[in-house]
Amino acid sequence: MPNSIRRTLATCALSALVAATPLTAFADDDAGFGAAGLLAGKNKEDLPPIILSAGEPISAAPWELTSGTYYEFEIQGDGSQELALVGPEFFRAIWIDEIVVEGLEIRPLGLDSVEFDEAGEMEIGFVAIKPGQYYIKIPGTTGETQRLDITIK
């Protein structure tokens, strides 16, 4: 049998094997997430809230995140002052699933900053993607307590 026919038969056989194999067989299933389990409940972690209050620290400790893990955190503004958070590099290193404000779910393509003009709360759900060192901070401030350092491993 000519080599071209053997290669064609081998390719067809391999294609049939791949098509018949469940997708979970190709995933790194040690964690049990399968092909679409990235958003599964057991891959989710809650982070401590970020507190926006005039003159108060925004967080008690830095965050250490793992790439591929789904996280949720709340931003709580007490209304003591108009305060914003910026962190464009961080927001570009994650995939934002949704932002929830007063029961309204927002699914943005990207984010640069958020601002609280009055008291309120929002929840952000995201998947950490790009490893590196990042931060979120109150714009125009230089104090360490007005900045949250974030590491994605």
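Please refer to the structure placed before this passage.
The written sequence of each chain sets the order in which its residues are numbered from 1. Local features in a predicted model are, by the rule used here, given only for residues with pLDDT of at least 70; side-chain atom pairs are given and counted only at 80 or more, and totals for whole chains, interfaces and linings are based on all residues. With hydrogens and water set aside, each side-chain value is computed from the structure's full complement of heavy atoms.

## Things to note about the environment of L104
Only runs of H or I of at least four residues qualify as helices and only runs of E of at least two qualify as strands under DSSP, and these elements are numbered from the N terminus. Note that L104 resides in strand β7 (residues 104-106). Note: C-alpha distance between L104 and M122 (18 residues apart in sequence) is 9.6 Å.

## Remarks on the packing of aromatic side chains
Pairs of aromatic rings are described using the distance from one ring centre to the other and the angle between the two planes. Working definition: a ring pair exists when centres of Phe, Tyr or Trp rings (six-membered ring for Trp) sit within 6.5 Å. Plane angles under 30 degrees give stacked, over 60 give edge-to-face, the rest tilted. Per the stated rule, a full pass over the model turns up 6 aromatic pairs. Considering the side-chain rings of W63 and F73, the 5.0 Å spacing of their centres and the 65° angle between planes classify their relative orientation as edge-to-face. Residue W63 is located in strand β3 (residues 63-65), and its partner F73 is located in strand β4 (residues 70-77); the two are separated by 10 residues in the primary sequence. When sorted by exposure, W63 lands in the same class as F73, which is buried. For a ring to carry a charge above it, either NZ of a lysine or CZ of an arginine must fall within 6 Å of the ring centroid while also lying within 35 degrees of the normal to the ring plane. Cation over ring: R147 sits above Y135, and NZ or CZ is 4.1 Å from the ring centre. To sort residues, take the accessible area from a 1.4 Å probe on protein chains only and compare it with the maximum for the residue type: under 20% means buried, over 50% means exposed, and anything in between is partly exposed.

## Brief notes about the nonpolar core
I50, L65, I75, L85, F90, I124 and F126 are the most contacted members of the largest nonpolar core, which has 30 residues in total. With 4 residues, strand β9 (residues 120-128) is the single largest residue contributor to this core. Put simply, a nonpolar core is a bunch of buried Ala, Val, Leu, Ile, Met, Phe, Trp, Tyr and Cys residues held in one set by side-chain atoms that sit within 4.5 Å of each other.

## Re the environment of E89
With respect to the helices, strands and loops of the structure, E89 is situated in helix α2 (residues 88-92). Sequence separation between E89 and Q133 is 44 residues, and the spatial gap between their C-alpha atoms is 9.2 Å. By definition, residues are in contact when any of their heavy atoms lie within 4.5 Å. In this view, E89 contacts Y134 and Y135; residues no more than four positions away in its chain are not counted.

## So, the side chain of Q146
Tracing the chain through its elements places Q146 in the loop between β10 (132-137) and β11 (147-152). With a relative accessible area of 12%, Q146 lands in the buried category.

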